[in-house]
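# A look at the structure
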Amino acid sequence: MSATQAATDDVLIARIAEGDRLAMQVLYGRHHVRVFRFGLRLVRNEQIAEDLISEVFLDVWRQAGKFEGRSAVSTWLLAITRFKALSALRRRKDAELDDEAAGAIEDTSDNPEVAVQKKDTSDALRRCLGGLSAEHREIVDLVYYHEKSVEEVAGIIGIPENTVKTRLFYARKKLAELLKAAGIERGWP
Amino acid sequence: MMAASKKIMEQEPGDIELLLPWHAAGTLNPRDSRKVEEALARDPELARQYAVIREEYAGTIDLNESLGAPSARAMQKLFAAIDAEPARKPGSSANIAARLSGFFSSLSPRTLAWSASLGAFALVLQAGIIAAVLMSNRPASFETASLSRNEPITRDLAAAPPSRALVRFVPDARVGDVTALLDKYQASIIDGAKGGMFRLQFANTAMSKDEFAGLLSRMQSEKIVSLAVATP
């Protein structure tokens, strides 16, 4: 995200704090897809992820006056999304969650033969990324897709910066193991 | 074998190695980015791992982009919830810029045009006042119609009207800055942001035209003031 967009996000938040509905529509249009995708990768259920969006942006509407601009608005949105997603997951029964999660996204670790047959590294990579644990998925997404710095990820997840770095390292190692099990050797580790 | 490669074999990540994903995403600060670049240039094993990371980076973007977008239902639900929220009063947390931009966005083009005309008129008025002040250094006075040429009768304006000004603040002026400025000039806002201009009244009513023009000139040079003109 450019510095200009970050600055205008701040202006939008200030206007939202004043009850400006149009500013809310602009902010929503700018960020709702990324918020949805981040939420979906955490809860693995489209219906819940859509509900999350409404909850996240309603929180923004209510809390905009308290936003102090210490982080980028996009970082603030992802932090709220994560909190809401974890709350949503806690509300659901574990068994129900596991069944739906298994049905929602195919896990390469369960069917490596399929990936081997396809001989398609990029497809296998996508499948294995889907097979990572929630903790590893979120850090991979935050760094690679949402392009958050070490400091920003630490702020969103609420862990020390060194833990951010090592967690991503071990997420990548796990990804390499899943790929190896799927017959994909990449030369690391 | 190089240090970073050795660490890879031992499966203990080194400091530079840990930063590789952020380097691939372009989110490292220039100093760390330079350190990583130097390490990549001298360590082929690290460079090989970096190539793997770039694949992961592309794969993660690919995966996320394939997730699609939410339906319109999410937005409808959000704005229905917002509509059900109690109306809020303007708070002091928002800065002047946001208020002004919000104010201007609510105006029609015709109204904006009229406001601009009013602003131009105010500028001309200010120029006229300054010119009049420069041409005459005499204190404010008036002459009667029955004035004798040899013995002019003059009278000071004892009950002078309060000094007022129309002021426009710069877009990023904050409420705290404006409050400090009002204290400094012993002024108070007596009318809101009509056309982006605030009407100020000064506590000191004993100012001559010269003094008032000087005050406006000083105010005009303040960082948060874009325009300050006298007004009745």
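What you see is a predicted model; the values in this text were computed from it and never measured. (Residues numbered from 1 in each chain as written. Chains lettered and ligands numbered in written order. Predicted model: local features only at pLDDT ≥ 70, side-chain atom pairs only at ≥ 80, totals over all residues.)

## Regarding the overall build of chain A
Helix and strand content of chain A: 10 helices and zero strands. Burial statistics for chain A: of 189 residues in total, 47% are counted as buried. (Helix = DSSP H or I, 4+ residues; strand = E, 2+ residues; numbered from the N terminus. Buried ≥ 20, exposed ≤ 12 C-beta atoms within 10 Å, placed from the backbone.)

## Some words on the overall build of chain B
Summing up its helical and strand segments, chain B has nine helices and six strands in all. Relative to its full complement of 232 residues, chain B shows a buried share of 23%. For chain B, the share of sequence-separated contacts (at least 6 apart) that also reach a separation of at least 24 residues comes to 65%. (Contact = placed C-beta atoms within 7 Å.)

## Focus on unusual backbone geometry
Although it is not a glycine, Glu147(A) sits at a positive phi angle of roughly 55°. Relative to the elements of secondary structure, Glu147(A) occurs in the loop between helix H8 (134-145) and helix H9 (150-157). On the basis of neighbour counts, which here come to 16 C-beta atoms within 10 Å, the residue Glu147(A) falls in the partly exposed class. Backbone geometry at Gln186(B) places phi at a positive 50°, although glycine is not the residue there.

## Examining the interface of chain A and chain B
In many analyses, interface size is given as the accessible surface area lost on bringing the parts together. Chain A puts 46 residues into the contact, and the matching count from chain B is 44 residues. Of all the elements in the fold, those that place two or more residues in the side of chain A that touches chain B are helix H1 (3-17), helix H2 (21-43), helix H3 (46-63), helix H7 (121-130), H8 and helix H10 (161-181) of chain A. Of the residues forming the side of chain A that touches chain B, the biggest block, eight residues, is contributed by H2(A). Looking at the side of chain A that touches chain B, its residues break down into 24 nonpolar, nine polar and 13 charged. (Nonpolar A, V, L, I, M, F, W, Y, C, P; charged D, E, K, R; others polar.)

## Thoughts on the environment of Val36(B)
All names here are of chain B. Locating valine 36 in the fold gives a position in helix H3 (residues 30-42). A C-alpha to C-alpha distance of 7.2 Å links valine 36 and leucine 20, two positions 16 residues apart in sequence. What valine 36 contacts, discounting residues up to four positions off in sequence, is Ile16, Leu19, Leu20, His23 and Leu28.

## What to know about H2(A)
Residue pairs spaced three or four apart in an α-helix point in one direction, given the helix's 3.6 residues per turn. Residues and elements named next belong to chain A. Between its terminal C-alpha atoms H2 stretches only 29 Å, short of the 33 Å expected from 23 residues at 1.5 Å a residue. The largest bend in H2 comes to about 50°, at histidine 31. Downstream of H2 by a residue or two, arginine 44 has a phi angle that is positive, lying close to 60°. (Expected span 1.5 Å × (residues − 1). Bend = angle between axes of the 7 residues up to and from the residue.)

## Topic: the confidence of the model for chain B
All names here are of chain B. Averaged over all residues, the pLDDT of chain B equals 74, while 62% of them reach at least 70. Contacts of residues 1-9 to residues separated by more than four positions or lying in other chains number 22 contacts, the stretch itself having pLDDT below 50. Every residue in residues 137-158 scores below 50 in pLDDT, and together they form 12 contacts with partners more than four places removed in sequence or on other chains. Among the scores for the predicted complex, ipTM is 0.83 and pTM is 0.60. (pLDDT = per-residue confidence, 0-100.)

## Some points on H10(A)
The first and last C-alpha atoms of H10(A) sit 31 Å apart over 21 residues, in line with the 30 Å expected at 1.5 Å per residue. All buried positions along H10(A) are accounted for by Val164(A), Lys165(A), Leu168(A), Phe169(A), Ala171(A), Arg172(A), Leu175(A), Leu178(A) and Leu179(A). Tucked inside the fold, the buried residues of H10(A) contact H7, H8 and H9 of chain A together with helix H2 (15-25) and helix H4 (44-65) of chain B. Immediately downstream of H10(A), the backbone of Gly183(A) shows phi near 85°, a positive value.

## A look at the environment of Ser188(B)
Residue and element names in this part refer to chain B. One can find serine 188 in strand E4 (residues 187-194). Distance from serine 188 to phenylalanine 198, taken between C-alpha atoms, is 9.8 Å for residues 10 residues apart in sequence. Setting aside residues up to four positions removed in sequence, serine 188 forms contacts with Leu182, Leu200 and Gln201.

## Notes on the pairing of strand E3 (residues 164-169) of chain B
Residues and elements named next belong to chain B. With four bridges joining them, E3 and strand E5 (residues 197-202) adopt antiparallel strand pairing. Each bridged residue has a counterpart across the sheet, and for valine 167 the counterpart in E5 is phenylalanine 198. The sheet contact formed by E3 and strand E6 (residues 225-231) spans six bridges and is antiparallel. Each bridged residue has a counterpart across the sheet, and for valine 167 the counterpart in E6 is alanine 228. (Pairing = 2+ DSSP bridges.)

## Concerning the packing of H2(A) against H8(A)
All names here are of chain A. Taken N-terminus to C-terminus, the directions of H2 and H8 make an angle of 160°; their axes are 9 Å apart at the nearest point. When the axis of H2 is compared with that of H8, the two are roughly antiparallel. The handedness of the crossing between H2 and H8 is right-handed. Listed contacts from H8 to Phe38, Arg41 and Leu42 of H2 are Ala134, Arg137, Glu138 and Asp141. When grouped by side-chain class, the residues that make up the contact of H2 with H8 number three nonpolar, no polar and four charged. (Axes fitted to C-alpha atoms, helices over the stretch in contact; angles between N-to-C directions. Parallel < 35°, antiparallel > 145°, perpendicular 65-115°, else oblique. Left-handed = near helix turned anticlockwise from the far one by under 90°.)

## Points about the nonpolar core
If you look at the biggest cluster of nonpolar residues, it comprises 67 residues, and the most contacted ones within it are Ile16(A), Ile53(A), Val56(A), Cys128(A), Val140(A), Val143(A) and Leu179(A). Looking at this core, the element that brings in the most residues is H2(A), giving 10 residues. Counting 17 residues, the second-largest nonpolar core is a separate cluster that includes Val167(B), Phe169(B), Ala187(B) and Leu200(B). (Core = buried A, V, L, I, M, F, W, Y, C linked by C-beta atoms within 7 Å.)

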